[in-house]
Amino acid sequence: MMGQHSRSEALFYYFRLEDQVPETHLLRLIDKHISFAFVREKLKESYSDLGRPSIDPELLLRILLIGYLYGITSERKLVEELRMHLAWRWFTGLGFDQEIPHHSTFSKNRHGRFQESKLFEQLFEEIVAGCLKAGLVRGDNLSVDGSFVEANASKDSRIPREQLTEAAKVSQTVRQYLSELEQQNPVEEPVHEQDKVSTTDPDSTYATKGGTPARLGYYDNYLVDNHSCVIVGVQGTAALMSQETVAAKDMLTRFTQWQGREPESVAADTTYGNWEFLQWLAERSITPYMRTRESIRRKNSPFYGPERFTYQPESNSYGCPAGEQLNYVGLNVRNRAHAYIGSSKRCGACSQKAQCTSGRYKYLAIHMDEPARQRARELVNTPEFAKAQRERKKVEALFAELKNQIGLRRLRLRGLKFVREQFFMAAAAQNIKRLVRFLSQTPRPQIPAMT
């Protein structure tokens, strides 16, 4: 006989949350292998010894982390889902008889204690330190890239920069932006200086990347360990191409401090192959697996390029393809280039002059950092370069995870400092998933908080 289930609700249920979460559940693995004890230590100076106890900051961080792990970008939605999800309640330690924090609590703490203490950056660094301690990150071969993330603002909200003061009279966002500019630490980098500024999110930049239509947004920059696909550096910047190499140097410097040594190589796309970054890498003996950025004039030139000329150190001169000598005449400070020239007599009678120059004699400009650029060009045809470029694709996979699974295709918070919070939390969530899976393969001790 066919049975029929009766939808009757019992007055009481007797069960333990502990028994409802499988041993292999992601949140159980996180709770087992990662300590969040650093949160209270980090924030203890931000609380008074008197008054009513506040909501536990570790509880708030655990709730926020759930949102990034499961792609819930709205804190209001996150609180609603938390009421119904057993595993989430277990991870946060909230029983059915305990009140869930109001969604506005997160905003209050974000603008206060969390932002002032750089808690989200600290969480990211804790996880990277855990990856290093566990042996997951090798740190020898890295890749760097940036991705455009759309701001929570419409392009129609832009006004001329000179109208900001007038707009501040009616817009609290603009008033706060101008106030922060006045108080800004002079060592802090400028966000951008575009002619038009959004009244919704003044820090956002009107830009495009990858052939997409121009939008307001930011760059999320990742430095990734090629072996483990762990993000070892993250930086939010204005959506300007020049900021990508600035962020790359900052991330490499900080990771070197954590690791205690320089990486062996860095892979990147052509955007990073400018003379300044290549020279910076050369000074640190880091092998650059990236193509050089060549000027349009040089790429389209029908004449011999600098690579066709041979440097002669004993005379500080260059030998041309025809075997003649170009002598050194000085430094062009403005162009940061050393100048070498031939002579009317030698160049005028040369059979290869049509392929070399259209002038009376050859003028060869060698950039001050040309050796670093030439080294990068020589590496392009090596098997190591091809392997590094294949490994670099892992960064693009992480950005796809960021936008499709975590949900940061469009930002929710506004202002660079809050955008950076989202980037740190997203990167921490991505790393946490890789770390706990690595640690769960064999019995390992819990990763302690950094001291």
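Above this text is the structure in question.
Description of the structure in this document. This structure is a prediction, so every number in the text was calculated from the model and none was measured. (Residues numbered from 1 in each chain as written. Predicted model: local features only at pLDDT ≥ 70, side-chain atom pairs only at ≥ 80, totals over all residues. Heavy atoms only, no water.)

## Here we look at a nonpolar patch on the surface
Basically, it comes down to this: Every patch collects residues that have over 30% relative accessible area and no salt bridge, joining them within 9 Å if they carry like charges and within 5 Å if they are nonpolar side chains (Val, Leu, Ile, Met, Phe, Trp, Tyr). The protein chains shown are the only cover counted for residues, whose accessible areas, like all others here, come from Shrake-Rupley with a 1.4 Å probe. What makes a salt bridge here is a side-chain nitrogen of Lys or Arg within 4 Å of a carboxyl oxygen of Asp or Glu, nothing more. The helix count covers DSSP runs of H or I at least four residues long, the strand count covers runs of E at least two residues long, and both are numbered beginning at the N terminus.
A grouping of Y328, L331, V333 and M368 is seen on the molecular surface, where their side chains present a nonpolar patch of about 360 Å² in accessible area. Position of L331 relative to the elements: it lies in strand β11 (residues 325-332).

## Observations concerning helix α18 (residues 416-439)
Our working definition: The span you would expect from a helix comes to 1.5 Å times its residue count less one. For each residue, the accessible area found with a 1.4 Å probe, counting protein chains only, is set against the maximum for its type, and the residue is called buried under 20%, exposed over 50%, and partly exposed in between.
Helix length check: α18 (24 residues) gives 34 Å between terminal C-alpha atoms against 34 Å at 1.5 Å per residue, within 8%. With respect to burial, α18 is a largely interior element, 21 of its 24 residues being buried.

## Concerning the nonpolar core
Generally speaking, nonpolar side chains in soluble globular proteins are found buried as a group. Filter applied, for reference: Among buried residues, the Ala, Val, Leu, Ile, Met, Phe, Trp, Tyr and Cys ones that are joined through side-chain atoms within 4.5 Å form a nonpolar core.
Among the nonpolar cores identified, the biggest contains 94 residues, and I30, F36, L61 and Y222 are the most heavily contacted of them. It is α18 that provides the largest number of residues to this core, a total of 14 residues. Counting residues in each nonpolar core, the second largest holds nine residues, with Y304, C320, C356 and L364 among its members.

## Examining the sheet that holds strand β13 (residues 363-367)
Filter applied, for reference: Here a strand pair is declared whenever DSSP counts at least two bridges between the two strands. Whenever a helix is involved, its axis is fitted only over the stretch in contact; in every case the axis is a line through C-alpha atoms, and angles between N-to-C directions fall within 0 to 180 degrees.
Sheet architecture is open: five strands sit in the order β9-β10-β11-β12-β13, paired in antiparallel fashion. The sheet is open, and its two edges are formed by β9 (310-312) and β13, each paired on a single side. Taking each pair of neighbouring strands and ignoring which way they run, the sheet shows an average axis angle of 35 degrees. Bridge count between β9 and strand β10 (residues 317-319): three bridges; the pairing is antiparallel.

## Structural notes on the pattern of salt bridges
Within the structure shown, the criterion is met by 22 salt bridges. D140 is the salt-bridge partner of R261, the closest N and O atoms lying 2.8 Å from each other. With a gap of 121 residues between them, R261 in the loop between α11 (241-259) and β7 (265-267) and D140 in the loop between α8 (119-134) and β1 (141-150) connect regions that are remote in the sequence. The exposure class assigned to D140 is partly exposed, which follows from its relative accessible area of 21%. Here E370 ties to R377 by a salt bridge, and the two come within 2.7 Å at their closest N and O atoms. Overall, E370 belongs to the buried group, its relative accessible area being 8%. Three or more residues are tied together by salt bridges with common partners; here these are D31, R40, D56, E58 and R62.

## Observations concerning the environment of M251
Keep this limit in mind: Contact between two residues is taken to exist if any of their heavy atoms lie within 4.5 Å; hydrogens are not considered.
As for its placement among the helices and strands, M251 is situated in helix α11. A sequence separation of 19 residues divides M251 from V232, and the C-alpha atoms of the two residues are 8.0 Å apart. With near-sequence residues (within four places) excluded, M251 lies in contact with V144, N221, Y222, L223, G233, V234 and Q235.

## Topic: the packing of aromatic side chains
As a reminder of what qualifies: A pair of Phe, Tyr and Trp rings is counted when the ring centres sit within 6.5 Å of each other, with Trp represented by its six-membered ring. The angle between the planes then sorts it: under 30 degrees is stacked, over 60 is edge-to-face, the rest tilted.
Following the criterion strictly, the structure yields twelve aromatic pairs and no others. Residues Y318 and Y340 carry aromatic rings whose centres are separated by 4.8 Å and whose planes lie at 75 degrees to one another, so their mutual orientation is edge-to-face. In this pair, Y318 is assigned in strand β10 and Y340 in strand β12 (residues 337-341), connecting sequence segments 22 residues apart. On the basis of relative accessibility, which here comes to 10%, the residue Y318 falls in the buried class. Its relative accessible area of 4% is what places Y340 among the buried residues. Cluster of aromatic residues (ring-pair linked, three or more members): Y311, Y318, Y328 and Y340.

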